[in-house]
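# Reading the structure
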2 protein chains.
Amino acid sequence: MKKIKVKCWVEDEGEKFYGPGPNELLKRIQEEGSLSRAASKMEMSYKKAWELVQRLNQHAEEPLVILKKGGQHGGGAEVTPQGLEIMREFENLQRKIAELVEQQTDLIKVLK
Amino acid sequence: MKKIKVKCWVEDEGEKFYGPGPNELLKRIQEEGSLSRAASKMEMSYKKAWELVQRLNQHAEEPLVILKKGGQHGGGAEVTPQGLEIMREFENLQRKIAELVEQQTDLIKVLK
DNA sequence: TGGCGATATATACGTTTATACATAACGCTT
DNA sequence: AAGCGTTATGTATAAACGTATATATCGCCA
């Protein structure tokens, strides 16, 4: 069974910036309130997740995630309103592209 | 400057089958008439190009590329009519997706 | 002030992936 | 029969990437 796959992401100056991976991480952070728990829930190493957050915050106009260490619960992670907005718009784009692809049957016909 | 990128490809039973790489290889084969020249023109190792052709021909209903060895010119490579049809339909899909993405400005606005 | 849970950071290791290199096989041409 | 250019195939090396591990830091709380 052959299927058409599609992936979209955002680059900044030719460098990967925001895509499906970062988007899932932000969603998990929102659910968990913790970067380490968010990372382990999506089978991503903490190191990779942390570096990803650094890259996101550096390339964005305003931080998308706030990391806090120490304190009552030892620290935590939070998605900012800007982060939420990007999540919303990115998933919007993904949905539109997926809808377009579903309508395309010619290529699959050729492949059988 | 932030840009939206998109990539599409075809999978067969969860395995990568046809995408931008194979598509470019087929185009080069058509131009060069030789797998080794096609590979070097696109900075791909001959070995990888050869394995790619094997995978394409195995997963397709009919071969997409014919390889011949020995003979007047030492051998050569040729894209079959089925290969040409897949190239055409794949580039069609790429174009439609690119057109859709160009219309989407909301995400870029959020990112600035 | 010691403990807790989370962030912060470096190092070592293993896995994957691609390339470079070498060599063989093929079939026409001279 | 020798030469040529291309396909065919294995091996060794190298580069990229992700992970596992270990340790340090922070700040509230009991």
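Residues numbered from 1 in each chain as written. Chains lettered and ligands numbered in written order. Predicted model: local features only at pLDDT ≥ 70, side-chain atom pairs only at ≥ 80, totals over all residues. Heavy atoms only, no water.

## Focus: the interface of chain B and chain A
In this assembly, 31 residues from chain B lie in contact with 31 residues from chain A. Summed over both partners, the interface of chain B with chain A buries about 3,100 Å², with 68% contributed by carbon and sulfur atoms. For the chain B face of the interface with chain A, the top three residues by lost area are B:Lys2, B:Lys5 and B:Leu107, together amounting to 17%. One can count two salt bridges joining chain B with chain A. Residue B:Asp12 is joined to A:Lys2 by a salt bridge in which the shortest nitrogen-to-oxygen separation is 3.8 Å. (Contact = heavy atoms within 4.5 Å. Buried area = accessible area lost by both parts, 1.4 Å probe. Salt bridge = Lys/Arg side-chain N within 4 Å of Asp/Glu carboxyl O.)

## Some thoughts on the UniProt feature "coiled-coil region" (unreviewed entry) in chain A
Following the UniProt record, one finds the feature "coiled-coil region" (unreviewed entry) at residues 83-110 of chain A. Along residues 83-110 of chain A, the helical share is 93% and the strand share 0%, with 41 Å between the first and last C-alpha atoms. (UniProt positions renumbered as here; feature names shortened; annotations may be inferred. Helix = DSSP H or I, 4+ residues; strand = E, 2+ residues; numbered from the N terminus.)

## Notes on the packing of helix 1 (residues 20-32) of chain A against helix 4 (residues 81-103) of chain A
Residue and element names in this part refer to chain A. Direction vectors running N to C along helix 1 and helix 4 enclose 130°, while the axes themselves pass 10 Å from each other. For the element pair helix 1 / helix 4, the angle class is oblique. For the pair helix 1 and helix 4, the crossing hand works out as left-handed. Taken together, the residues of helix 4 that come into contact with helix 1 (itself represented by Pro-20, Asn-23, Leu-26, Lys-27 and Gln-30) are Gly-83, Leu-84, Met-87, Phe-90, Glu-91 and Gln-94. (Axes fitted to C-alpha atoms, helices over the stretch in contact; angles between N-to-C directions. Parallel < 35°, antiparallel > 145°, perpendicular 65-115°, else oblique. Left-handed = near helix turned anticlockwise from the far one by under 90°.)

## Some thoughts on the protein's contact with DNA strand D
Of all residues adjacent to DNA strand D, which total 22 residues, the nearest are B:Leu35, B:Arg37, B:Tyr46, B:Trp50 and B:Leu67. Between a phosphate oxygen of DNA strand D and a side-chain N or O atom of A:Ser45, the distance comes to 3.2 Å. A distance of 3.2 Å separates a base nitrogen of DNA strand D from a polar backbone atom of B:Gly74. Looking at the surface near DNA strand D, the elements with two or more residues in it are helix 2 (35-41), helix 3 (46-59), strand 3 (65-69) and strand 4 (75-79) of chain B. Of the residues contributing to the surface near DNA strand D, the split by class is four nonpolar, eleven polar and seven charged. (Near = heavy atom within 4 Å. Polar contact = N/O pair within 3.5 Å; in protein donor to acceptor, adjacent residues only side chain to side chain. Nonpolar A, V, L, I, M, F, W, Y, C, P; charged D, E, K, R; others polar.)

## Details of the pattern of salt bridges
Evaluation of the coordinates by the stated rule reveals 14 salt bridges over all chains. Of the charged contacts, one joins A:Glu32 and A:Arg37 as a salt bridge, the two residues approaching to 3.2 Å between their closest N and O atoms. Here B:Lys27 and B:Glu91 are joined by a salt bridge, their closest N and O atoms 3.3 Å apart. Taken together, the residues span a long stretch of sequence, with B:Lys27 in helix 1 (residues 20-32) and B:Glu91 in helix 4 (residues 81-103) at a distance of 64 residues. Relative accessible area serves as the criterion here: at 35%, B:Lys27 is assigned to the partly exposed category. Here the salt bridges share partners, and the residues they tie into one network are A:Glu32, A:Arg37 and A:Lys41. (Buried < 20%, exposed > 50% of the residue type's maximum accessible area, 1.4 Å probe, protein only.)

## A word on the sheet that holds strand 1 (residues 2-12) of chain B
Pairing is antiparallel across the open sheet formed by four strands, whose spatial order is 2(A)-1(A)-1(B)-2(B). At either end of the open sheet lies a strand with only one pairing partner, and these are strand 2 (15-18) of chain A together with strand 2 (15-18) of chain B. Neighbour-to-neighbour, the strand axes of the sheet open up by a mean angle of 60°, direction not taken into account. Sitting on the sheet, helix 3 (residues 46-59) of chain A touches strand 1 (2-12) and strand 2 of chain A together with strand 1 of chain B, and the angle it makes with strand 2 of chain A is about 90°. Here helix 3 of chain B sits on the sheet and contacts strand 1 of chain A together with strand 1 and strand 2 of chain B; the angle it forms with strand 2 of chain B, its principal contact strand, is near 90°. (Pairing = 2+ DSSP bridges.)

## Thoughts on the layout of surface pockets
Residue and element names in this part refer to chain B. Within this model, the largest pocket holds a volume of roughly 250 Å³. The wall of the largest pocket is formed by 16 residues, among which Leu-35, Tyr-46, Lys-68, Gly-75 and Gly-76 lie closest to the centre. When residues of the lining of the largest pocket are traced back to their parent elements, those giving at least two are helix 2, helix 3, strand 3 and strand 4. When grouped by side-chain class, the residues that make up the lining of the largest pocket number five nonpolar, seven polar and four charged. (1 Å grid on protein atoms, 1.4 Å probe; cavity = no way out; pocket = protein on both sides within 12 Å on 5 of 7 lines; lining within 4 Å. Points joined across faces, edges and corners; volume = space filled by probe spheres on them.)

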